Amino acid sequence: GPASIPMLSASISRQEMEKALAAPPNALQIGLAEMADHLPSGAAGIPPHVAALRSMAVQPAPPRPATTGEALDRARAGMARFMPPR
């Protein structure tokens, strides 16, 4: 293989970023947000989470994210709840 791989840099304007965050989410972004909504709160939340899954206790799903930004926020919140930053 090559000795090195050059790192590409991307530049995006604030307007382009705001437009992207306001766009409707794609299926992957929706799926990530919905998955993150169902993560338990850290390791201590895993046993009750598994028990709820086994008992088929279904939590109502929140509405689908309307924008890419909302999907991103929900995915971040779910991951932070599951694996809090140190």
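Above this note sits the structure.
Residues numbered from 1 in each chain as written. Predicted model: local features only at pLDDT ≥ 70, side-chain atom pairs only at ≥ 80, totals over all residues. Heavy atoms only, no water.

A. The arrangement of the layout of surface pockets in detail. Estimated volume of the largest pocket: approximately 250 Å³. As for the largest pocket, its lining consists of 11 residues, of which His38, His49, Leu53, Ala57 and Gln59 are closest to the centre. Looking at the lining of the largest pocket residue by residue, the classes come out as 6 nonpolar, 4 polar and 1 charged. (1 Å grid on protein atoms, 1.4 Å probe; cavity = no way out; pocket = protein on both sides within 12 Å on 5 of 7 lines; lining within 4 Å. Points joined across faces, edges and corners; volume = space filled by probe spheres on them. Nonpolar A, V, L, I, M, F, W, Y, C, P; charged D, E, K, R; others polar.)

B. Structural context of helix α4 (residues 68-82). Helix length check: α4, at 15 residues, gives a terminal C-alpha distance of 21 Å against a target of 21 Å (1.5 Å per residue), a fit within 8%. Those residues of α4 not exposed but buried are Thr68, Gly69, Ala71, Arg74, Ala75 and Gly78. Those residues of α4 hidden inside the fold are in contact with α1 (14-22) and α2 (27-37). (Helix = DSSP H or I, 4+ residues; strand = E, 2+ residues; numbered from the N terminus. Expected span 1.5 Å × (residues − 1). Buried < 20%, exposed > 50% of the residue type's maximum accessible area, 1.4 Å probe, protein only. Contact = heavy atoms within 4.5 Å.)

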